[in-house]
Amino acid sequence: MNYKYWWKWFRGLPLSKKWFIWLILLRPIIDNFYELKEASALASPLYIVGFLTPVFIVISSVSGGLQRSTDSLQEVPFRIWSLLLIFNALAFWFIQLNVVAFGDLIKYITPVFLFYYSRRFVQSKEDLHGILTTFLVSCIFPFSIFLYESIFNPIAIEYISEGRGGGSRIRGAYADIMNYAIFFIVFLIIICYYFLVHMYNRLSSMKVKTWHLIVGIVFVLYGLTRIRHVSTWGVFLFLIILFLFHNLRNSRGLIFTFMFLLIVTTFFAESIYEVHIAPLISKEQMVIEGEAEADMAFNGRMTRWEKYFEIWEQMPTINHFTGIVTANFKETVVMIGGGMHSDYIRLIFLTGFIGLFFYLAFLLSTLSRWITLDIPEKYLISACISSIILWSITTVPTLYSPLLYILYPIIAFTLLPKERQI
(Lines give C-alpha, C1' and ligand atoms only; values in the text may rest on other atoms or scores of the structure.)
Protein backbone atom coordinates (compact mmCIF):
# COMPACT_ATOMS: atom_id res chain seq x y z
CA MET A 1 0.00 0.00 0.00
CA ASN A 2 1.61 3.27 -1.09
CA TYR A 3 1.39 6.46 0.96
CA LYS A 4 -1.57 7.88 -0.97
CA TYR A 5 -3.73 4.80 -0.34
CA TRP A 6 -2.47 4.48 3.22
CA TRP A 7 -3.42 8.08 4.07
CA LYS A 8 -6.86 7.65 2.53
CA TRP A 9 -7.35 4.44 4.52
CA PHE A 10 -6.12 6.04 7.76
CA ARG A 11 -8.37 9.09 7.41
CA GLY A 12 -11.40 6.85 6.98
CA LEU A 13 -10.78 4.93 10.20
CA PRO A 14 -12.98 5.50 13.27
CA LEU A 15 -11.28 6.62 16.48
CA SER A 16 -11.64 3.09 17.83
CA LYS A 17 -9.07 2.03 15.21
CA LYS A 18 -7.11 5.23 14.63
CA TRP A 19 -5.55 5.24 18.11
CA PHE A 20 -3.98 1.84 17.42
CA ILE A 21 -2.30 3.17 14.28
CA TRP A 22 -0.86 6.04 16.29
CA LEU A 23 0.35 3.52 18.86
CA ILE A 24 2.26 1.55 16.19
CA LEU A 25 3.79 4.76 14.85
CA LEU A 26 4.84 6.13 18.23
CA ARG A 27 5.88 2.95 20.03
CA PRO A 28 9.44 2.92 18.57
CA ILE A 29 9.95 6.37 20.10
CA ILE A 30 8.22 5.58 23.40
CA ASP A 31 10.36 2.48 23.92
CA ASN A 32 13.46 4.70 24.12
CA PHE A 33 12.28 5.95 27.52
CA TYR A 34 12.48 2.50 29.14
CA GLU A 35 15.00 3.62 31.77
CA LEU A 36 12.58 6.19 33.23
CA LYS A 37 10.96 3.32 35.09
CA GLU A 38 13.89 3.48 37.52
CA ALA A 39 12.69 6.92 38.66
CA SER A 40 8.99 6.02 38.93
CA ALA A 41 6.46 3.84 37.17
CA LEU A 42 4.28 6.94 36.85
CA ALA A 43 7.12 8.73 35.03
CA SER A 44 7.61 5.97 32.47
CA PRO A 45 5.77 6.50 29.16
CA LEU A 46 6.27 2.81 28.46
CA TYR A 47 4.43 1.77 31.62
CA ILE A 48 1.67 4.29 30.94
CA VAL A 49 1.19 2.94 27.41
CA GLY A 50 1.23 -0.62 28.74
CA PHE A 51 -1.56 0.20 31.19
CA LEU A 52 -3.65 2.24 28.75
CA THR A 53 -3.54 -0.27 25.88
CA PRO A 54 -6.04 -2.74 27.42
CA VAL A 55 -8.13 0.23 28.59
CA PHE A 56 -8.32 1.65 25.07
CA ILE A 57 -9.12 -1.78 23.68
CA VAL A 58 -12.05 -2.19 26.07
CA ILE A 59 -13.35 1.31 25.29
CA SER A 60 -13.01 0.68 21.55
CA SER A 61 -14.84 -2.64 21.86
CA VAL A 62 -17.88 -1.10 23.54
CA SER A 63 -17.92 2.09 21.46
CA GLY A 64 -19.61 0.50 18.47
CA GLY A 65 -16.80 1.46 16.11
CA LEU A 66 -15.52 -2.10 15.68
CA GLN A 67 -17.22 -4.87 13.73
CA ARG A 68 -17.81 -8.19 15.42
CA SER A 69 -15.29 -10.83 14.49
CA THR A 70 -16.42 -13.94 12.65
CA ASP A 71 -16.21 -17.24 14.49
CA SER A 72 -13.30 -19.49 13.60
CA LEU A 73 -12.58 -23.03 14.72
CA GLN A 74 -8.86 -22.19 14.81
CA GLU A 75 -9.57 -19.63 17.52
CA VAL A 76 -10.85 -22.19 20.05
CA PRO A 77 -7.39 -23.26 21.32
CA PHE A 78 -6.50 -19.60 21.89
CA ARG A 79 -9.64 -19.14 24.02
CA ILE A 80 -8.71 -22.07 26.26
CA TRP A 81 -5.12 -20.82 26.60
CA SER A 82 -6.43 -17.32 27.34
CA LEU A 83 -8.61 -18.57 30.20
CA LEU A 84 -5.67 -20.33 31.85
CA LEU A 85 -3.44 -17.31 31.28
CA ILE A 86 -5.91 -14.83 32.75
CA PHE A 87 -6.72 -17.09 35.72
CA ASN A 88 -3.06 -17.47 36.67
CA ALA A 89 -2.24 -13.80 36.06
CA LEU A 90 -5.14 -12.71 38.30
CA ALA A 91 -4.20 -15.27 40.94
CA PHE A 92 -0.63 -13.96 40.91
CA TRP A 93 -1.86 -10.41 41.51
CA PHE A 94 -4.28 -11.42 44.28
CA ILE A 95 -1.49 -13.30 46.06
CA GLN A 96 1.09 -10.52 45.74
CA LEU A 97 -1.25 -7.48 45.99
CA ASN A 98 1.32 -4.84 45.08
CA VAL A 99 1.92 -2.37 42.26
CA VAL A 100 4.64 -4.48 40.64
CA ALA A 101 2.35 -7.50 40.50
CA PHE A 102 -0.39 -5.37 38.97
CA GLY A 103 2.05 -4.25 36.27
CA ASP A 104 2.92 -7.89 35.62
CA LEU A 105 -0.79 -8.75 35.42
CA ILE A 106 -1.29 -6.16 32.68
CA LYS A 107 1.82 -7.32 30.83
CA TYR A 108 0.83 -11.01 30.91
CA ILE A 109 -2.77 -10.55 29.73
CA THR A 110 -2.07 -7.87 27.08
CA PRO A 111 -1.56 -10.50 24.32
CA VAL A 112 -5.15 -11.66 24.88
CA PHE A 113 -6.49 -8.12 24.51
CA LEU A 114 -4.34 -7.49 21.42
CA PHE A 115 -5.46 -10.68 19.72
CA TYR A 116 -9.19 -10.09 20.14
CA TYR A 117 -8.79 -6.43 19.22
CA SER A 118 -6.92 -7.50 16.05
CA ARG A 119 -9.75 -9.90 15.22
CA ARG A 120 -12.20 -6.98 15.24
CA PHE A 121 -9.86 -4.48 13.61
CA VAL A 122 -8.81 -6.52 10.58
CA GLN A 123 -11.87 -7.05 8.41
CA SER A 124 -10.27 -6.93 4.95
CA LYS A 125 -6.98 -7.09 3.07
CA GLU A 126 -7.00 -3.29 3.05
CA ASP A 127 -6.92 -3.28 6.87
CA LEU A 128 -4.04 -5.73 6.83
CA HIS A 129 -2.06 -3.70 4.32
CA GLY A 130 -2.79 -0.52 6.27
CA ILE A 131 -1.27 -1.98 9.44
CA LEU A 132 1.73 -3.44 7.60
CA THR A 133 2.43 -0.12 5.89
CA THR A 134 2.08 1.66 9.24
CA PHE A 135 4.83 -0.54 10.62
CA LEU A 136 7.11 0.31 7.69
CA VAL A 137 6.58 4.01 8.44
CA SER A 138 7.30 3.39 12.13
CA CYS A 139 10.67 1.86 11.19
CA ILE A 140 11.99 5.25 10.11
CA PHE A 141 12.90 6.24 13.68
CA PRO A 142 14.65 3.05 14.89
CA PHE A 143 16.48 2.61 11.59
CA SER A 144 17.67 6.22 11.73
CA ILE A 145 18.97 5.65 15.27
CA PHE A 146 20.62 2.43 14.15
CA LEU A 147 22.41 4.15 11.27
CA TYR A 148 23.55 6.91 13.62
CA GLU A 149 24.98 4.32 15.99
CA SER A 150 26.66 2.45 13.15
CA ILE A 151 28.23 5.51 11.52
CA PHE A 152 28.93 7.86 14.43
CA ASN A 153 28.60 6.77 18.02
CA PRO A 154 26.77 3.88 19.79
CA ILE A 155 24.18 5.01 22.31
CA ALA A 156 24.46 1.81 24.34
CA ILE A 157 26.90 -1.08 24.00
CA GLU A 158 26.43 -4.65 25.18
CA TYR A 159 29.54 -6.80 25.53
CA ILE A 160 29.36 -10.43 24.49
CA SER A 161 31.07 -13.16 26.49
CA GLU A 162 34.13 -14.90 25.08
CA GLY A 163 32.04 -18.06 24.79
CA ARG A 164 30.01 -16.18 22.20
CA GLY A 165 33.03 -14.91 20.31
CA GLY A 166 33.53 -11.75 22.37
CA GLY A 167 33.13 -8.23 21.07
CA SER A 168 30.16 -5.91 21.41
CA ARG A 169 26.79 -5.08 19.88
CA ILE A 170 24.59 -2.00 19.75
CA ARG A 171 21.04 -1.68 21.08
CA GLY A 172 20.24 2.03 20.99
CA ALA A 173 18.26 3.37 23.94
CA TYR A 174 16.03 0.29 23.97
CA ALA A 175 15.64 -2.15 26.86
CA ASP A 176 17.44 -4.97 25.06
CA ILE A 177 18.66 -6.15 21.69
CA MET A 178 15.30 -7.76 20.82
CA ASN A 179 13.84 -4.33 20.05
CA TYR A 180 16.15 -3.86 17.08
CA ALA A 181 15.68 -7.54 16.15
CA ILE A 182 11.90 -7.12 15.95
CA PHE A 183 12.18 -4.13 13.62
CA PHE A 184 14.62 -5.89 11.30
CA ILE A 185 12.70 -9.17 11.09
CA VAL A 186 9.20 -7.71 10.72
CA PHE A 187 10.52 -5.23 8.16
CA LEU A 188 11.96 -8.19 6.23
CA ILE A 189 8.66 -10.11 6.38
CA ILE A 190 6.68 -7.13 5.09
CA ILE A 191 8.96 -6.18 2.19
CA CYS A 192 9.15 -9.83 1.07
CA TYR A 193 5.37 -10.04 1.26
CA TYR A 194 4.87 -6.84 -0.73
CA PHE A 195 7.37 -8.07 -3.31
CA LEU A 196 5.35 -11.28 -3.75
CA VAL A 197 2.14 -9.24 -4.05
CA HIS A 198 3.83 -7.21 -6.80
CA MET A 199 5.03 -10.38 -8.54
CA TYR A 200 1.72 -12.23 -8.48
CA ASN A 201 -0.67 -9.30 -8.91
CA ARG A 202 0.60 -6.79 -11.43
CA LEU A 203 -2.47 -4.58 -10.92
CA SER A 204 -1.69 -4.12 -7.26
CA SER A 205 -0.61 -0.73 -5.90
CA MET A 206 2.42 -2.46 -4.35
CA LYS A 207 5.61 -1.26 -6.04
CA VAL A 208 8.29 -3.26 -4.21
CA LYS A 209 10.57 -4.14 -7.10
CA THR A 210 13.57 -6.45 -7.21
CA TRP A 211 16.12 -3.76 -6.41
CA HIS A 212 13.98 -2.52 -3.50
CA LEU A 213 13.94 -6.03 -2.10
CA ILE A 214 17.69 -6.54 -2.51
CA VAL A 215 18.47 -3.25 -0.76
CA GLY A 216 16.09 -4.21 2.05
CA ILE A 217 17.61 -7.66 2.54
CA VAL A 218 21.14 -6.26 2.50
CA PHE A 219 20.16 -3.63 5.09
CA VAL A 220 18.62 -6.27 7.36
CA LEU A 221 21.68 -8.48 6.89
CA TYR A 222 23.94 -5.61 7.88
CA GLY A 223 21.74 -4.93 10.89
CA LEU A 224 22.07 -8.51 12.09
CA THR A 225 25.86 -8.29 11.90
CA ARG A 226 25.72 -5.32 14.28
CA ILE A 227 23.17 -6.56 16.83
CA ARG A 228 24.69 -10.09 16.87
CA HIS A 229 21.63 -11.91 18.19
CA VAL A 230 21.92 -15.62 17.51
CA SER A 231 18.21 -16.55 17.60
CA THR A 232 17.41 -13.73 15.19
CA TRP A 233 19.99 -15.14 12.77
CA GLY A 234 18.02 -18.40 12.84
CA VAL A 235 14.74 -16.58 12.20
CA PHE A 236 16.29 -14.57 9.36
CA LEU A 237 17.71 -17.61 7.57
CA PHE A 238 14.43 -19.51 7.85
CA LEU A 239 12.45 -16.52 6.52
CA ILE A 240 14.76 -16.25 3.51
CA ILE A 241 14.24 -19.94 2.76
CA LEU A 242 10.46 -19.50 3.09
CA PHE A 243 10.52 -16.50 0.79
CA LEU A 244 12.58 -18.28 -1.89
CA PHE A 245 10.22 -21.27 -1.70
CA HIS A 246 7.12 -19.10 -2.20
CA ASN A 247 8.86 -17.24 -5.02
CA LEU A 248 9.41 -20.28 -7.24
CA ARG A 249 6.02 -20.37 -9.01
CA ASN A 250 6.64 -17.13 -10.89
CA SER A 251 9.12 -17.08 -13.77
CA ARG A 252 10.65 -13.79 -12.65
CA GLY A 253 10.70 -15.09 -9.11
CA LEU A 254 12.46 -18.25 -10.26
CA ILE A 255 15.17 -16.19 -11.95
CA PHE A 256 15.54 -13.99 -8.88
CA THR A 257 15.79 -17.03 -6.62
CA PHE A 258 18.48 -18.62 -8.78
CA MET A 259 20.55 -15.43 -9.00
CA PHE A 260 20.16 -14.71 -5.29
CA LEU A 261 21.35 -18.15 -4.28
CA LEU A 262 24.22 -18.08 -6.77
CA ILE A 263 25.54 -14.71 -5.60
CA VAL A 264 25.07 -15.33 -1.87
CA THR A 265 26.58 -18.82 -1.82
CA THR A 266 29.49 -17.80 -4.05
CA PHE A 267 30.57 -14.54 -2.46
CA PHE A 268 29.03 -14.05 0.97
CA ALA A 269 27.77 -17.21 2.69
CA GLU A 270 31.11 -18.51 3.96
CA SER A 271 32.38 -15.16 5.26
CA ILE A 272 29.05 -14.33 6.95
CA TYR A 273 29.04 -17.68 8.68
CA GLU A 274 32.68 -17.62 9.77
CA VAL A 275 32.72 -14.01 10.95
CA HIS A 276 29.22 -13.41 12.32
CA ILE A 277 27.44 -16.69 13.03
CA ALA A 278 30.08 -19.25 14.02
CA PRO A 279 31.33 -17.24 17.05
CA LEU A 280 27.78 -16.91 18.36
CA ILE A 281 27.07 -20.64 18.20
CA SER A 282 30.53 -21.86 19.24
CA LYS A 283 29.31 -22.82 22.71
CA GLU A 284 26.48 -24.93 21.21
CA GLN A 285 28.98 -26.65 18.95
CA MET A 286 31.15 -27.48 21.95
CA VAL A 287 28.13 -29.00 23.72
CA ILE A 288 27.23 -31.10 20.66
CA GLU A 289 30.81 -32.29 20.29
CA GLY A 290 31.07 -33.16 23.99
CA GLU A 291 33.68 -30.52 24.77
CA ALA A 292 31.34 -28.67 27.16
CA GLU A 293 28.69 -29.73 29.67
CA ALA A 294 25.10 -29.99 28.40
CA ASP A 295 23.94 -27.33 30.86
CA MET A 296 26.00 -24.77 28.94
CA ALA A 297 23.67 -25.09 25.93
CA PHE A 298 21.61 -22.13 24.75
CA ASN A 299 24.24 -19.67 25.98
CA GLY A 300 24.12 -21.19 29.45
CA ARG A 301 20.36 -20.86 29.76
CA MET A 302 20.06 -24.60 30.25
CA THR A 303 21.53 -24.18 33.75
CA ARG A 304 18.77 -21.74 34.65
CA TRP A 305 16.06 -23.96 33.15
CA GLU A 306 17.29 -27.02 35.06
CA LYS A 307 17.36 -25.04 38.31
CA TYR A 308 13.74 -23.92 38.01
CA PHE A 309 12.44 -27.24 36.74
CA GLU A 310 13.81 -28.77 39.93
CA ILE A 311 11.64 -26.31 41.87
CA TRP A 312 8.71 -27.02 39.52
CA GLU A 313 8.98 -30.74 40.34
CA GLN A 314 8.41 -29.96 44.02
CA MET A 315 5.02 -28.40 43.26
CA PRO A 316 1.69 -30.29 43.29
CA THR A 317 0.98 -32.28 40.12
CA ILE A 318 -2.10 -30.20 39.32
CA ASN A 319 0.15 -27.14 38.94
CA HIS A 320 2.19 -28.95 36.30
CA PHE A 321 -0.94 -29.04 34.14
CA THR A 322 -2.66 -25.72 34.94
CA GLY A 323 0.11 -23.34 36.02
CA ILE A 324 2.28 -22.80 39.09
CA VAL A 325 0.84 -19.58 40.50
CA THR A 326 -1.53 -21.16 43.02
CA ALA A 327 1.34 -23.27 44.41
CA ASN A 328 2.58 -19.93 45.84
CA PHE A 329 6.31 -20.61 45.75
CA LYS A 330 8.60 -17.60 46.22
CA GLU A 331 10.30 -18.40 42.89
CA THR A 332 7.02 -17.94 40.98
CA VAL A 333 7.69 -14.31 40.08
CA VAL A 334 10.88 -15.31 38.24
CA MET A 335 9.49 -18.47 36.68
CA ILE A 336 6.56 -16.78 34.93
CA GLY A 337 8.53 -13.70 33.84
CA GLY A 338 10.79 -12.80 30.96
CA GLY A 339 13.85 -14.00 32.84
CA MET A 340 13.14 -17.54 31.67
CA HIS A 341 14.40 -16.54 28.19
CA SER A 342 12.06 -19.07 26.57
CA ASP A 343 8.35 -18.66 25.94
CA TYR A 344 7.85 -22.42 25.92
CA ILE A 345 9.26 -22.80 29.42
CA ARG A 346 7.64 -19.59 30.71
CA LEU A 347 4.24 -20.74 29.44
CA ILE A 348 4.67 -24.20 30.95
CA PHE A 349 5.17 -22.48 34.29
CA LEU A 350 2.45 -19.85 33.78
CA THR A 351 -0.28 -21.95 32.13
CA GLY A 352 0.92 -25.53 32.62
CA PHE A 353 1.15 -28.34 30.09
CA ILE A 354 -2.50 -27.77 29.17
CA GLY A 355 -1.91 -24.11 28.43
CA LEU A 356 1.21 -24.73 26.37
CA PHE A 357 -0.56 -27.48 24.42
CA PHE A 358 -3.44 -25.21 23.42
CA TYR A 359 -1.10 -22.29 22.67
CA LEU A 360 0.88 -24.46 20.23
CA ALA A 361 -2.35 -25.93 18.88
CA PHE A 362 -3.52 -22.41 18.13
CA LEU A 363 -0.34 -21.53 16.23
CA LEU A 364 -0.38 -24.76 14.22
CA SER A 365 -4.12 -24.60 13.51
CA THR A 366 -3.67 -21.05 12.24
CA LEU A 367 -0.87 -22.26 10.00
CA SER A 368 -3.27 -24.89 8.64
CA ARG A 369 -5.13 -22.05 6.87
CA TRP A 370 -2.07 -21.78 4.59
CA ILE A 371 -3.62 -24.07 2.01
CA THR A 372 -6.59 -21.74 1.35
CA LEU A 373 -4.54 -18.56 0.89
CA ASP A 374 -2.99 -16.92 -2.15
CA ILE A 375 0.78 -17.24 -2.51
CA PRO A 376 1.76 -13.86 -0.97
CA GLU A 377 -0.49 -14.51 2.04
CA LYS A 378 0.84 -18.08 2.26
CA TYR A 379 4.28 -16.60 2.79
CA LEU A 380 2.99 -13.98 5.22
CA ILE A 381 1.29 -16.38 7.64
CA SER A 382 4.05 -19.00 7.45
CA ALA A 383 6.64 -16.27 8.15
CA CYS A 384 4.54 -14.97 11.05
CA ILE A 385 4.04 -18.35 12.75
CA SER A 386 7.58 -19.59 12.12
CA SER A 387 9.01 -16.39 13.65
CA ILE A 388 6.98 -16.92 16.82
CA ILE A 389 7.90 -20.61 17.01
CA LEU A 390 11.63 -20.07 16.46
CA TRP A 391 12.00 -16.99 18.65
CA SER A 392 10.12 -18.73 21.47
CA ILE A 393 12.97 -21.19 21.97
CA THR A 394 15.25 -18.62 23.62
CA THR A 395 13.17 -15.43 23.82
CA VAL A 396 9.68 -14.44 24.98
CA PRO A 397 7.69 -13.04 22.00
CA THR A 398 4.42 -12.84 23.96
CA LEU A 399 5.98 -10.18 26.19
CA TYR A 400 6.97 -7.91 23.29
CA SER A 401 3.82 -5.99 22.42
CA PRO A 402 5.33 -4.16 19.40
CA LEU A 403 5.86 -7.56 17.79
CA LEU A 404 2.29 -8.64 18.53
CA TYR A 405 0.95 -5.36 17.07
CA ILE A 406 1.86 -6.80 13.66
CA LEU A 407 1.82 -10.58 14.01
CA TYR A 408 -1.66 -10.78 15.55
CA PRO A 409 -3.29 -8.72 12.75
CA ILE A 410 -1.64 -11.10 10.27
CA ILE A 411 -3.18 -14.04 12.11
CA ALA A 412 -6.50 -12.20 12.33
CA PHE A 413 -6.53 -11.76 8.55
CA THR A 414 -5.78 -15.45 8.08
CA LEU A 415 -8.83 -16.34 10.19
CA LEU A 416 -11.20 -14.23 8.07
CA PRO A 417 -13.69 -15.96 5.77
CA LYS A 418 -12.29 -16.44 2.27
CA GLU A 419 -14.57 -13.81 0.73
CA ARG A 420 -13.06 -11.12 2.98
CA GLN A 421 -9.46 -12.02 2.06
CA ILE A 422 -9.74 -10.84 -1.52
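Structure's up top.
Residues numbered from 1 in each chain as written. Predicted model: local features only at pLDDT ≥ 70, side-chain atom pairs only at ≥ 80, totals over all residues. Heavy atoms only, no water.

Observations concerning the environment of Y174
Working step 1: Along the polypeptide, Y174 turns up in the loop between β2 (168-170) and α8 (178-200).
Working step 2: Overall, Y174 belongs to the buried group, its relative accessible area being 0%.
Working step 3: Linking Y174 and P142, residues 32 residues apart in sequence, is a C-alpha distance of 9.6 Å.
Working step 4: Here P28 takes part through its backbone oxygen, which lies 2.9 Å from a polar atom of the side chain of Y174. (Helix = DSSP H or I, 4+ residues; strand = E, 2+ residues; numbered from the N terminus. Buried < 20%, exposed > 50% of the residue type's maximum accessible area, 1.4 Å probe, protein only. Polar contact = N/O pair within 3.5 Å; in protein donor to acceptor, adjacent residues only side chain to side chain.)

Thoughts on unusual backbone geometry
Working step 1: Even without a glycine there, the phi angle at R228 is positive, about 50°.
Working step 2: Within the element layout of this structure, R228 appears in the loop between α9 (210-227) and α10 (230-246).
Working step 3: Unusually for a residue other than glycine, N328 sits at a positive phi of about 60°.
Working step 4: Residue position: N328 is located in the loop between α13 (317-322) and α14 (332-335).

Considerations on helix α16 (residues 375-391)
The α-helix advances 3.6 residues per turn, and as a result positions three or four apart in sequence lie on the same side.
Working step 1: End to end, α16 covers 24 Å across 17 residues, agreeing with the expected 24 Å (1.5 Å per residue, within 8%).
Working step 2: Of all the 17 residues making up α16, 15 are buried; the element is thus mostly covered by neighbouring parts of the structure. (Expected span 1.5 Å × (residues − 1).)

Topic: a nonpolar patch on the surface
Working step 1: Residues I48, F51, L52, V55, F56 and I59 make up a contiguous nonpolar surface patch of about 470 Å² in total accessible area.
Working step 2: Structurally, L52 is set in helix α3 (residues 45-62). (Patch = residues over 30% accessible without salt bridge, like charges linked within 9 Å, V, L, I, M, F, W, Y side chains within 5 Å. Areas by Shrake-Rupley, 256 points an atom, 1.4 Å probe, with all protein chains shown as cover. Salt bridge = Lys/Arg side-chain N within 4 Å of Asp/Glu carboxyl O.)

What about α8?
Working step 1: Relative to the 33 Å expected for 23 residues at 1.5 Å per residue, α8 spans 33 Å between its end C-alpha atoms, a close match to the ideal helical length.
Working step 2: Most of α8 is tucked away, with 22 of its 23 residues classed as buried.

What about the nonpolar core?
Among soluble globular proteins, nonpolar side chains are generally buried collectively.
Working step 1: In this structure, F20, F349, Y379 and I406 are the most contacted members of the largest nonpolar core, which totals 124 residues.
Working step 2: Leave out the neighbours within four places in its chain, and F349 touches Y308, F309, W312, G323, I324, M335, I336 and M340. (Core = buried A, V, L, I, M, F, W, Y, C linked by side-chain atoms within 4.5 Å. Contact = heavy atoms within 4.5 Å.)

Description of the packing of aromatic side chains
Working step 1: Tallied over the full model, the rule gives 46 aromatic pairs.
Working step 2: An angle of 90° between the planes, with centres 6.0 Å apart, marks the rings of F146 and F219 as edge-to-face. Of this pair, F146 sits in helix α7 (residues 140-151) while F219 sits in helix α9, and the two are 73 residues apart along the sequence. Across the pair, F219 and F146 agree in class, each one buried.
Working step 3: In this structure an aromatic cluster arises from ring pairing among F135, F143, F146, Y174, Y180, F183, F184, F187, F219 and Y222.
Working step 4: For K18, the ring lying beneath its charged end belongs to F10, and the centroid distance is 5.2 Å. (Phe/Tyr/Trp six-rings, centres within 6.5 Å; stacked < 30°, edge-to-face > 60°. Lys NZ or Arg CZ within 6 Å of the ring centre and 35° of its normal.)

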